[in-house]
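Listed below are the residues making up each chain.
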Amino acid sequence: SMQRIIAELRELNTFTSENVEHGQHPILLGDLLWQLAAQWKPSASASTIDLQIKVPSDACYILGDERRLNWAFGNIIENAIKYSLSQSTISIIGESDPDSGLAHIQITDEGVGIQPDNLPHIFQRFYRGQPTLSDGSVISQPGTGQGLFLTRKVLHAHGGEITVESAPQRGTSVHMWLPMTASVTLEMPEEITSSFDTQAPVYTMAEKTPESISVEGKDQ
C-alpha cells in the first residue's frame, strides 16, 4: 500500500498537460461524481457522516484524464471526511454553465474549517495547517502536505481552476471549474482555454445551497 502511494505521488508530481492530452476523453460529469460518491460512501458512513450528491440534469461532458481527475476530486472528499465531525454532512454538487462553457464542481463540508492564517498557504507544496476543534485542540491526521498542491496541478493541466472558502468551525467549500466539451470531440473549445486568465468566480455557501439527494438515491 505504501509503495502504491509513493508511486502515485511520484507520477502526479511529474506529469504535465501533455500527459493529460494523451489520456483524455470526454467524461460525463454526472457519472464521474456518482462513482466518487460510491467510492467514498463507506469511509463517510464509518465516520457517521452523511455524503450527499447532486449532479447536472443535462449531459455535461468534461474533457480529461479520468483516473487523474478521480484522484483530484477524491483527495478533496477525503480531506472533507478527515476534518468533519460525526453527524455532519458533506455535499458533492456538479453543475454546468453553458454561458461560460464551464462545469462547476463544489464539495462542501461542515467540518472544523481552516484557520485564517493557514488559508493563504494551503496550495503550497508540503504545507500542513493546524485544523483545530472548537475547544482549541489540534486535530492530528497523517499526510504529506501535497494533496491540495497536486489537486491544483491536475486541475490546471486540464485547463481548470480551484478555489477554497473556509472559516473555523463553519466548514469548507472547495470550488473547481473545468472546461466542458461535446461527447464526440477530443478538443476543448478554443475560447475556453483562456477562461482563467482572471480569477475564477467564487460562490459563497449561502448562495449555493440547492437540495441534494443521498448517494443511495441514484436512479438506475
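Conventions adopted
Residues numbered from 1 in each chain as written. Predicted model: local features only at pLDDT ≥ 70, side-chain atom pairs only at ≥ 80, totals over all residues. Heavy atoms only, no water. Salt bridge = Lys/Arg side-chain N within 4 Å of Asp/Glu carboxyl O. Buried < 20%, exposed > 50% of the residue type's maximum accessible area, 1.4 Å probe, protein only. Core = buried A, V, L, I, M, F, W, Y, C linked by side-chain atoms within 4.5 Å. Helix = DSSP H or I, 4+ residues; strand = E, 2+ residues; numbered from the N terminus. Expected span 1.5 Å × (residues − 1). Polar contact = N/O pair within 3.5 Å; in protein donor to acceptor, adjacent residues only side chain to side chain. pLDDT = per-residue confidence, 0-100. Contact = heavy atoms within 4.5 Å. Pairing = 2+ DSSP bridges.

**Considering the pattern of salt bridges**
Applying the stated criterion to the full structure yields 1 salt bridge. Between R68 and D65 there is a salt bridge whose closest N-O contact spans 2.7 Å. A residue is classified by how much of its surface remains accessible, and R68, at 8% relative accessible area, is buried. Since its relative accessible area comes to 9%, D65 is described here as buried.

**Considering the nonpolar core**
For soluble globular proteins, nonpolar side chains are generally found buried alongside one another. In terms of nonpolar packing, the biggest core is built from 40 residues, with L33, I62, F73, I92, I105, I107 and M176 touching the most fellow members. Mapped by element, the contributors of at least two residues to this core are α3 (29-46), β2 (50-54), α4 (66-82), β4 (89-97), β5 (102-108), α5 (147-157), β6 (161-167) and β7 (171-181).

**Re α4**
Residues spaced three or four apart along an α-helix face the same direction, because each turn holds 3.6 residues. Compared with the 24 Å implied by 1.5 Å per residue over 17 residues, the 24 Å span of α4 between its first and last C-alpha is a close match. Among the 17 residues that make up α4, 12 are buried, leaving the element largely enclosed by the rest of the structure. Inspection of α4 places R68, L69, N70, W71, A72, F73, G74, N75, I76, I77, A80 and I81 among the buried residues, and these make up the whole buried set. Residue D65 occupies the N-cap position of α4, its side-chain oxygen lying 3.2 Å from the main-chain nitrogen of R67.

**Observations regarding the confidence of the model for the protein chain**
Taken as a whole, the protein chain shows an average pLDDT of 79; of its residues, 70% reach a score of 70 or greater. When the elements of the protein chain are averaged for pLDDT, strand β8 (residues 213-214) gives the smallest value, 40, and β5 the largest, 97. Considering only residues more than four positions removed or in separate chains, one finds that residues 189-195, a stretch of pLDDT under 50, has 7 contacts. In the predicted structure, residues 197-220 sits below a pLDDT of 50 and forms 44 contacts with residues beyond four places in sequence or in another chain.

**A closer look at the pairing of β7**
The side chains of a regular strand alternate between the sheet's two faces. The element β7 is largely enclosed, with a buried count of 11 among its 11 residues. Pairing of β5 with β7 involves 7 bridges; the strand directions are antiparallel. Note that in β7 the partner of A103 across the bridge is L178. Pairing geometry for β6 and β7, over 7 bridges, is antiparallel. Within β7, the position partnered with E161 by the bridge is W177. Counted along the chain from β6 to the antiparallel partner β7, the turn is 3 residues long, and its residue Q169 has a positive phi close to 65°.

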